[in-house]
Amino acid sequence: MPVPAPELHWPAELVEAGPQADPSILLGGTATLNGVQHHVYALRINLDHITPDFRADLDQSLYADHELGVMLDEVFYFGGVSRSSIVELESNHYIIWMVPSGSSSGV
């Protein structure tokens, strides 16, 4: 038996949430699903390898606090991500996912 989907309010925009030297590698926002807040994340993707799109001119240790590789591994584990999951946004290619926030603040 089909169950009606709950009402979803998607953020009007995603804001840069990556490290200061490369803030656009990670975008974030808040969505509400039937009144419950969820974090929306968008991770910039290297299309050749389906990995985080780290800038070549920056030391990768700069990204360590954000654990972008771990985030992507978890998305792969739970979501069966493939090239068809990649969304082209105005600035680049991203994988987007949403998780319950458990709080009233966004990314």
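Rules and cut-offs
- Each chain has its residues counted from 1, following the order in which its sequence is written.
- Note on the predicted model: pLDDT of at least 70 is required for a residue's local features to be given, and 80 or more for side-chain atom pairs to be given and counted; whole-chain, interface and lining totals, by contrast, use all residues.
- As a rule here, side-chain values come from all non-hydrogen atoms in the structure, and water together with hydrogens is ignored.
- Three labels apply to residues, based on accessible area from a 1.4 Å probe with only protein chains included: buried if under 20% of the type maximum, exposed if over 50%, partly exposed otherwise in between.
- Secondary structure is summarised from DSSP: a helix means a run of H or I of at least four residues, a strand means a run of E of at least two, and numbering begins at the N terminus for each.
- For two strands to be treated as a pair, DSSP must find at least two bridges joining them.
- Any two residues whose heavy atoms approach within 4.5 Å at even a single point are treated as in contact.

Chemist: Help me understand the pairing of strand E4 (residues 36-46), please; the structure alone is not making it clear to me.
Modeler: Each regular strand shows side chains that alternate between the opposite faces of the sheet. Summarising burial for E4: 8 of the 11 residues are buried, a large majority. Here strand E3 (residues 26-33) runs beside E4; their pairing, made up of 8 bridges, is antiparallel. Paired with Gly28 across the strands is Tyr41, a residue of E4. With antiparallel pairing between neighbouring strands as the criterion, E4 and strand E5 (residues 51-52) make up a hairpin whose turn holds 4 residues, including Ile50 at a positive phi of roughly 50°.

Chemist: Quick question: what am I supposed to make of the environment of Thr51 here?
Modeler: Structurally, Thr51 is set in strand E5. Look at Thr51 and you get partly exposed, because its relative accessible area is 31%. As a C-alpha pair, Thr51 and Leu72 span 21 residues in sequence and 7.6 Å in three-dimensional space. When neighbours within four sequence positions are excluded, Thr51 is seen to be in contact with Arg44, Ile45, Asn46 and Leu72.

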